[in-house]
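Observations on chain architecture
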Amino acid sequence: MRNAQWRSDDDEEPRSNGLTMPAADGSPTLPDLPVLDILSAEKIFPNGTRALAPIDLSIGRNEFVSLIGPSGCGKSTLLKLVANLYEPSDGRIVWWQSNFSRVGEPGRRLAFVFQDPTLMPWAPVETNVRLPLDLAGTPKAESMPRVQAALAQVGLERHARHHPGQLSGGMKMRVSIARALVTDPDLLLMDEPFGALDEFTRNKLDDDLVRLSWERRLTTVFVTHSLYEAVFLSTRIVIMAANPGRIFAQLTVDEPQPRGDAFRNSERFAHLCRQLSSLLHAASLESAGGR
Ligand SMILES: Nc1ncnc2c1ncn2[C@@H]1O[C@H](COP(=O)(O)OP(=O)(O)O)[C@@H](O)[C@H]1O
Ligand SMILES: [Mg+2]
């Protein structure tokens, strides 16, 4: 299902390879800018917890980067720094080669999906999905077609009038994803969005997320506990260690998109999962040895 009506004209550029390509005048052109540059960003909470040692990480357009690592290694903290929900204690984060004040402009939109779908239980699905547009003051005549398109993209077009209480856990998460998609994001941040779901439902949502990321040419940073999910979804996996939180290793998953069951059932998938499993094991040994 292709649904490109929300893309602005400047998206009709060739796909980025994630590298900066200077224009004729020497300035970088928007589509080829790195989406995120995390430059020695560190986080120490006021209570003294050193959640993140300096982190350096650059993420290019159309990358799907998963963060994985033992509990407490700072995955959520890193994602919140990227969302500008937290300030780094030191270092800085650059979004599309600019500061956060430019985020929200066309081609530079960011959306966050949390593990808990956090829906308004009294409001129908369509009102829940429309919320970010209402908050931005978008007229209803303009927002409703966008809400319907977002619901269609997550397979919930027939549930617009249902209330959250009538939906399964997987469907609620789809509503939460539609609420992110309705803002037409370029950068999607997801913190263990499918962690509370059973494996069958999770695989189904993973399949849809792979398709959506591909069709919408999203850049995604995704936190997960599941090494299978990380391998299936990611173009790159960042393995973190704790005490203090840091990048331990990275694994590139050089498998064409969009992916499906053929990849999931391949020997290559099993091999990558084994590789990731041993890296995670080493990361947790490092984490225990720290502090
Ligand atoms: N608001 C906070 N205040 C103090 N410490 C925090 C806060 N949030 C997280 N931490 C601590 O920072 C570390 C990293 O937490 P977090 O980013 O939630 O890890 P993860 O998501 O990888 O499980 C943990 O030790 C956690 O207890
Ligand atoms: Mg977390």
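Okay, so let's go over this structure.

Moving on, we come to helix α5 (residues 199-215). An ideal rise of 1.5 Å per residue puts 24 Å on 17 residues; α5 measures up with 24 Å between its terminal C-alpha atoms. Taken residue by residue, α5 has R202, L205, D206, D208, L209, V210, L212, S213 and E215 as its buried positions. Two or three places before F200, at the opening of α5, D198 has a side-chain oxygen 3.1 Å from that residue's backbone nitrogen. Downstream of α5 by one or two residues, R217 has phi in the positive range, about 50°.

Taken together, F45, N47, T49, A51, S71, G72, C73, G74, K75, S76, T77 and Y86 make up the full set of residues adjacent to ligand 1. At 2.8 Å from an oxygen atom of ligand 1 is found a main-chain nitrogen or oxygen belonging to G72. Between S76 and ligand 1, the recorded distance is 2.9 Å, taken from a side-chain N or O atom to an oxygen atom. With the chains in place, 65% of the 560 Å² that ligand 1 exposes on its own is no longer accessible. When residues in the shell around ligand 1 are grouped by element, the largest group, 3 residues, is from helix α1 (residues 75-82). Looking at the shell around ligand 1 residue by residue, the class counts come to 4 nonpolar, 7 polar and 1 charged.

With respect to topology, 3 strands assemble into an open sheet ordered β2-β1-β4, the strand pairing being antiparallel. If you trace the sheet from one side to the other, it starts and ends with β2 (50-59) and β4 (90-95), each paired once. Across this sheet, the average inter-strand angle for adjacent strands is 15°, counted without regard to direction. In the sheet, strand β1 (residues 36-44) pairs with β4 via 5 bridges, with the strands oriented antiparallel. The partner of E42 across the bridge, within β4, is D90.

Here we come to the pairing of strand β6 (residues 187-191). With 5 of its 5 residues buried, β6 lies for the most part within the structure. Residue alternation in β6 divides its side chains into two sets, L187, L189 and D191 and L188 and M190, and both sets are buried. Looking at chain direction, strand β5 (residues 110-113) and β6 are connected through 4 bridges and run parallel. By the bridge assignment for β6, V113 is matched with M190. The parallel pair β6 and strand β7 (residues 219-223) is bridged by α5, and the resulting crossover is right-handed.

What counts and how
Starting afresh in each chain, residues are numbered from 1 along the sequence in its written order. As they are written, the chains are lettered A onward and the ligands numbered 1 onward, keeping that order. Only residues with pLDDT of 70 or above have their local features reported here, since the model is predicted, and side-chain atom pairs are shown and tallied only from 80 upward, although totals for entire chains, interfaces and linings are computed over all residues. The side-chain figures draw on all heavy atoms in the structure; neither hydrogens nor water molecules are used. Elements are defined by DSSP. Helices are runs of H or I of four residues or more, strands are runs of E of two residues or more, and each kind is numbered from the N terminus. Expected helix span is computed as 1.5 Å times (number of residues minus one). Each residue gets one of three labels from its accessible area relative to the maximum for its type: buried under 20%, exposed over 50%, partly exposed in between, using a 1.4 Å probe on protein chains only. Whenever a nitrogen or oxygen atom comes within 3.5 Å of another N or O atom, the pair is scored as a polar contact, on the condition that within protein one atom can donate a hydrogen and the other can accept it, and that pairs from neighbouring residues in sequence are kept only if both atoms are in side chains. Put simply, a residue is near a molecule or strand once any heavy atom of it comes within 4 Å of that molecule or strand. All accessible-area figures derive from a Shrake-Rupley calculation using a 1.4 Å probe, and residue coverage is judged against the displayed protein chains alone. Residues are sorted three ways: Asp, Glu, Lys and Arg are charged, Ala, Val, Leu, Ile, Met, Phe, Trp, Tyr, Cys and Pro are nonpolar, and all the rest, Gly among them, are polar. In this analysis, strands are considered paired if DSSP registers two or more bridges between them. All axes here are fitted lines through C-alpha atoms, helices being fitted over the stretch that makes contact, and every angle between N-to-C directions spans 0 to 180 degrees. Look down the strands so they point away from you; if going from the first strand over the helix to the second traces a clockwise path, that crossover is right-handed.

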